[in-house]
Structures are given as C-alpha cells and as structure tokens.
Amino acid sequence: MRNRVREQRTQRGLSQAELAAALGVSRQTVISIESGRYLPSLPLAFTIARFFDLTVDKMFDPDDEEAGT
Amino acid sequence: MMPFIPPRLRKPAGIALAGAAFAAAWLVRGGPLWWVSISAVILAAARAVSWYRMGGEDTDEGALAASRADERQHLVSLQSRALACNLTAVAAFIGLTVAIAVKAAWWWPFLVILAITGFGYLLGLSSYGSGEPDADDDADAGQPERSPVQR
C-alpha cells in the first residue's frame, strides 16, 4: 500500500523524529510506515491524516501495491 | 500494570524481583549450594541495570525495555513472544518424543510444557477471538473490539 507520509513530512520540513513526537509514536515506526513495511492501525492512520489535514484515503492508497513513496 | 513505578523502571524492577525470588528459593533450600543465591542476586542486578540502560536507547528494544512501546513495537513484541512460544512447543514435543523413545522418567515436564502452551493458545482464542456463532446480524456487540496490541 502506497502512502504519502514521507512526501507530506518533507513538504512541511519535518524530521522523522519531529513527526514521531507529534504523532506519539517512535521514530522507528515513522520510518517503517514511510517505507511501507508497517501498516498503521486505523486510529493511527486517522491521526496521521488529520495531522497533515488530509483524509485517510488521500494519505493511504490501497490500490497501489508499491510500498512507500 | 505497576502504574506506581516509572515506566523505565518497570522491567528492571521485574527482573530484580525475579532474581530475588530465585535467590530466596536457593536460600530456603539450604545445603552447600547456598552461594548460588548470591550469584543469582548479582546476575539479576547486572541484568536489571543493563535493561535500564537499554531503555534509554532510541531503538525498538529500548522502547520495549523502557515500557514505552508504540503500537508497532507492541506488535513486534507480540510476534516475538509468539515465535518463542512456538519454538518452546516444538522443543517440548521433540523432548517428549525422545523421552518416550528412550523410556526416560523425565518425559512429564515436556508434557506439562506442551499442555501449558496449548492451554495458553486456547485461552488466547477465547479471550481475543471474536467468534460469536449465535450472534444475529446487526446484533449490538457492546464495546468495540480492540486490537490486543493496544490493550
């Protein structure tokens, strides 16, 4: 599943550590989500989408099998 | 669990407590091997300190050691424990099979371990499973079910 976490984070000039702190998760989890190795839970997916002012389906694209950005 | 203890101290405290209990068992047992209790205390203290230090690291292991794991790290921990349980069950089955083959008297601990792992699995299914065969469509299930990693 493709996601736009890395794209949105870099657009806002945030480091992975800063995003992790804002989302209340570890830096390793942000790395895993960005690389597509970990699919976040629904609550975390909503938290991520809301943080970037996007909807979940804009943030995560289930039709794209390609992981990461 | 143990909310009165700071998160980073919880696992080290558990290790220290387990070491103290093990040492106390050797002391109560008495006999010439009483010194094992001192070794157990020293080893447990060293292990508790190393876990505390690991808890300060910015890694998955550090987060688990410091009881501050997020959902992915909880999942990693759960999967690791499941793997450990599977290996234990396989090893116990092999041990039981070998013990039976050689007519050894020490077959029963393997059976106990197998029974505990099997019981634990069934307990997990009944605790976390959502199998409600008699439930009607649209039945109000009450509280929404949550992932065990977020309990």
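To start, this report covers the structure provided alongside it.

Observations regarding the interface of chain A and chain B
Okay, so step 1: Across the contact, 9 residues belong to chain A and 8 residues belong to chain B.
Okay, so step 2: Of all the elements, helix H3 (residues 27-35) of chain A adds the most residues to the side of chain A that touches chain B, at 4 residues.
Okay, so step 3: Of the residues in the side of chain A that touches chain B, the class split is 3 nonpolar, 5 polar and 1 charged.

Some points on unusual backbone geometry
Negative phi characterises most residues that are not glycine, and trans characterises most peptide bonds.
Okay, so step 1: Backbone geometry places A:Asp53, a non-glycine residue, at a positive phi of 55 degrees.
Okay, so step 2: When you line up the elements, A:Asp53 lands in the loop between helix H4 (42-51) and helix H5 (56-59).
Okay, so step 3: You will see that B:Lys103, though not glycine, has its phi angle at about 55 degrees, which is positive.

Things to note about the packing of helix H1 (residues 7-29) of chain B against helix H2 (residues 35-54) of chain B
In a pair of packed helices, the angle between the axes and the distance between the axes together describe the arrangement.
Residues and elements named next belong to chain B.
Okay, so step 1: Remark: H1 packs on H2, axes separated minimally by 8 Å, with the N-to-C direction vectors making an angle of 175 degrees. Relative to H2, the element H1 lies roughly antiparallel. Along its contact with H1, which presents Arg 8, Lys 11, Pro 12, Ile 15, Ala 16, Ala 18, Gly 19, Ala 20, Phe 22, Ala 23, Trp 26 and Leu 27, the element H2 presents Val 36, Ser 37, Ala 40, Val 41, Leu 43, Ala 44, Ala 45, Arg 47, Ala 48, Trp 51 and Tyr 52.
Okay, so step 2: Of the residues belonging to the contact of H1 with H2, the class tally is 18 nonpolar, 2 polar and 3 charged.

Calculation criteria
Residues numbered from 1 in each chain as written. Chains lettered and ligands numbered in written order. Predicted model: local features only at pLDDT ≥ 70, side-chain atom pairs only at ≥ 80, totals over all residues. Contact = placed C-beta atoms within 7 Å. Helix = DSSP H or I, 4+ residues; strand = E, 2+ residues; numbered from the N terminus. Nonpolar A, V, L, I, M, F, W, Y, C, P; charged D, E, K, R; others polar. Axes fitted to C-alpha atoms, helices over the stretch in contact; angles between N-to-C directions. Parallel < 35°, antiparallel > 145°, perpendicular 65-115°, else oblique.

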